[in-house]
Amino acid sequence: MDTLLDIYEGNSSVSRDAISDILSDDKSAGDLQRLQILDEAANLKWRKNVDVDAELAKFESHRKNAPKPVWKTVPGWIVTLAAASVLFGIWFVTREQLFDSNRISNISITHYADVRKVTKENEKAVKKSVVVGNSRMNEVTVDGKRMLCMTLADGTRVWLNANSCLRYADTFSKNNRKVELDGEAFFDVSHDSDHPFIIKAKNVTTKVLGTKLNVRCYDANDIHVTLVEGRVEVQSPKGNVTISPDQDASFVDHALNVRDVNTRDFTCWREGVMYFDDATLRTILKQISAWYGVNVVCRDDALLDKHFHYVCRLNEPLKEAIAILNESSNVGIVVKDGSILIE
């Protein structure tokens, strides 16, 4: 705000207090936040800026239908210029800073230097020892509204999304490096040509040597393996495929498919943004449910299969996240008694 106020310091026709009132008004702040979300969506989808003039036109049109606040007597060009300046500032700053997860407020991101040591700092991540088959493995579980970054014994870095669980060995076997995942994680796999890195996600197994990829498997019938770098083989009950960078292998409705994608759509959760392009309401709600740690109740399966576009910051309150989804989908969704209800 100070930067914007400084811009108008030399303008004798409008006081500093008037500009401050404009920017502190709740309705104005909400509308400007909508512009920011649109800008984020445009950058994620097309890697270019949003049409400032068009979005400002929408901004002004929306405000015409709202009750006139006290500061409405301020010339309209000042409001427009303030909004344009904010939007430009958002674009300029977020290109370098928006997707730095350490700068996203109200999101707890724990970093493990050594996953074998659980300290008070990462007490929200529950670590225990479990038996899987004939082997004893470590199991780390992350609850809602948190992310976890950790380093495995071979140097592989793993980012765990909310409500996710990773099982791994203190020391990998002589033949491979195997982990098991429930939920969602981003892997930056340390290269080792003699020991493939194997990720078992429910009924899909991904085999890699050294690469960067995202795996999402909250639902056994909605699994995505999205490749950022390298080359991986995805094995499923319906066959095996090898995918290249900027491709997503999905196991949905008991079918295995490969398509070209913008990998940022699948990985931006690490940077504080939940983003879906042409995704089913079921998929979107599963992600919202996982992040906020709430249940979803819906009796209309046909509605859940409809496709929508959705983008939301992860530090939004649940009610605001649902409000944005309602605006995007025109679906009557409410939050009641700690659950998401589709009416």
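For the structure, check the block above.
Residues numbered from 1 in each chain as written. Predicted model: local features only at pLDDT ≥ 70, side-chain atom pairs only at ≥ 80, totals over all residues. Heavy atoms only, no water.

Student: Outline the sheet that holds strand β17 (residues 295-297), listing residues and values.
Tutor: The strands that make up a sheet pair up through hydrogen bonds in the backbone, lying either parallel or antiparallel. Spatially, 3 strands are ordered β17-β20-β19 in an open sheet, and the strand pairing comes out mixed. In this open sheet, the two edge strands, each paired with only one partner strand, are β17 and β19 (333-336). The mean angle between the axes of side-by-side strands here comes to 25°, regardless of whether they run parallel or antiparallel. In the sheet, β17 pairs with strand β20 (residues 339-342) via 3 bridges, with the strands oriented parallel. The partner of Val 296 across the bridge, within β20, is Ile 340. Lying on the sheet, helix α9 (residues 318-329) is in contact with β19 and β20; it crosses β19 at an angle near 165°. (Pairing = 2+ DSSP bridges. Helix = DSSP H or I, 4+ residues; strand = E, 2+ residues; numbered from the N terminus. Axes fitted to C-alpha atoms, helices over the stretch in contact; angles between N-to-C directions. Contact = heavy atoms within 4.5 Å.)

Student: Help me get a handle on the nonpolar core, residues and values and all.
Tutor: Proteins that are soluble and globular tend to have nonpolar side chains buried together. In this structure, Leu 152, Leu 166, Val 179, Leu 181, Phe 187, Phe 197 and Leu 213 are the most contacted members of the largest nonpolar core, which totals 32 residues. A per-element tally of this core places strand β7 (residues 177-188) first, with 4 residues. Residue contacts for Leu 181: discarding those within four places in its chain leaves Leu 160, Cys 165, Leu 166, Phe 187, Ile 199, Lys 200, Ala 201, Lys 202, Val 215 and Cys 217. Formed by 31 residues, the second largest nonpolar core is a distinct cluster that contains Trp 269, Met 274, Leu 281 and Cys 312. (Core = buried A, V, L, I, M, F, W, Y, C linked by side-chain atoms within 4.5 Å. Buried < 20%, exposed > 50% of the residue type's maximum accessible area, 1.4 Å probe, protein only.)

Student: So, the packing of helix α7 (residues 281-292) against α9: which residues are in play, and what are the values?
Tutor: Interhelical geometry of α7 versus α9 gives an angle of 170° and a closest axis separation of 11 Å. Taken as axis vectors, α7 and α9 run roughly antiparallel relative to one another. Across the interface between the two elements, Leu 281, Ile 284, Leu 285, Ile 288 and Tyr 292 from α7 touch Leu 318, Ala 321, Ile 322 and Leu 325 from α9. Tallied by class, residues from the contact of α7 with α9 come to 9 nonpolar, no polar and no charged. (Parallel < 35°, antiparallel > 145°, perpendicular 65-115°, else oblique. Nonpolar A, V, L, I, M, F, W, Y, C, P; charged D, E, K, R; others polar.)

Student: I'd like a rundown of the pairing of strand β9 (residues 204-208), residues and numbers included.
Tutor: For β9, the tally of buried residues reaches 4 of 5 residues, placing the bulk of the element in the interior. Here strand β8 (residues 197-201) runs beside β9; their pairing, made up of 5 bridges, is antiparallel. Across the sheet, the residue bridging to Ile 199 is Thr 206, located in β9. The loop that links β8 with its antiparallel partner β9 comprises 2 residues; one of these, Lys 202, has a positive phi angle of about 55°. The pairing of β9 with strand β12 (residues 232-236) spans 3 bridges and is antiparallel. Bridge pairing in β12 links Lys 207 to Glu 233.

Student: Tell me what's going on with the pattern of salt bridges, and back it up with residues and numbers.
Tutor: Enumeration over the complete set of coordinates arrives at 10 salt bridges. In this structure, the salt-bridge partner of Arg 167 is Glu 180, at a minimum N-O distance of 3.2 Å. Highlighted residues: Arg 167 in strand β6 (residues 164-168) and Glu 180 in strand β7, separated in sequence by 13 residues. For the pair formed by Arg 167 and Glu 180, the shared burial category is buried. One network of salt bridges, with partners in common, ties together Lys 128, Glu 139, Arg 167, Glu 180, Asp 182 and Lys 202. (Salt bridge = Lys/Arg side-chain N within 4 Å of Asp/Glu carboxyl O.)

Student: Describe in detail the packing of aromatic side chains, supporting the description with residues and values.
Tutor: Considering all chains together, one arrives at 3 aromatic pairs under this definition. Ring centres of Trp 159 and Phe 186 lie 5.7 Å apart, and the angle between their planes is 70°; on these two criteria the pair is classed as edge-to-face. Taken together, the residues Trp 159 in strand β5 (residues 157-160) and Phe 186 in strand β7 connect sequence positions 27 residues apart. Three or more aromatic residues link up through ring pairs in this structure, and these residues are Phe 172, Phe 187 and Phe 197. (Phe/Tyr/Trp six-rings, centres within 6.5 Å; stacked < 30°, edge-to-face > 60°.)

Student: Got a sec to walk through the side chain of Arg 177? Specific residues and values, please.
Tutor: On the secondary structure map, Arg 177 appears in strand β7. Classification of Arg 177 by relative accessible area gives buried; the value is 3%. Engagement of the side chain of Arg 177 in a polar contact is seen with the side chain of Asp 154, the distance being 2.5 Å. Engagement of the side chain of Arg 177 in a polar contact is seen with the backbone oxygen of Leu 209, the distance being 3.1 Å. Every residue in contact with Arg 177, bar those within four places of it in the chain, is listed here: Asp 154, Thr 156, Phe 172, Val 189, Ser 190, His 191, Asp 192, His 195, Pro 196, Phe 197, Ile 198 and Leu 209. (Polar contact = N/O pair within 3.5 Å; in protein donor to acceptor, adjacent residues only side chain to side chain.)

Student: Outline the pairing of β7, listing residues and values.
Tutor: Of all 12 residues making up β7, 9 are buried, and the element is well covered by its neighbours. As defined by bridge partners, β5 adjoins β7 across 4 bridges and the pair is classed as antiparallel. Bridging from a neighbouring strand, Trp 159 pairs with Phe 186 of β7. One ladder, built from 4 bridges, connects β7 with β8; its direction is parallel. Bridge pairing in β8 links Arg 177 to Phe 197. Pairing between β7 and strand β10 (residues 212-219): 6 bridges, direction antiparallel. Counterpart to Ala 185 in the pairing with β10 is Val 215.

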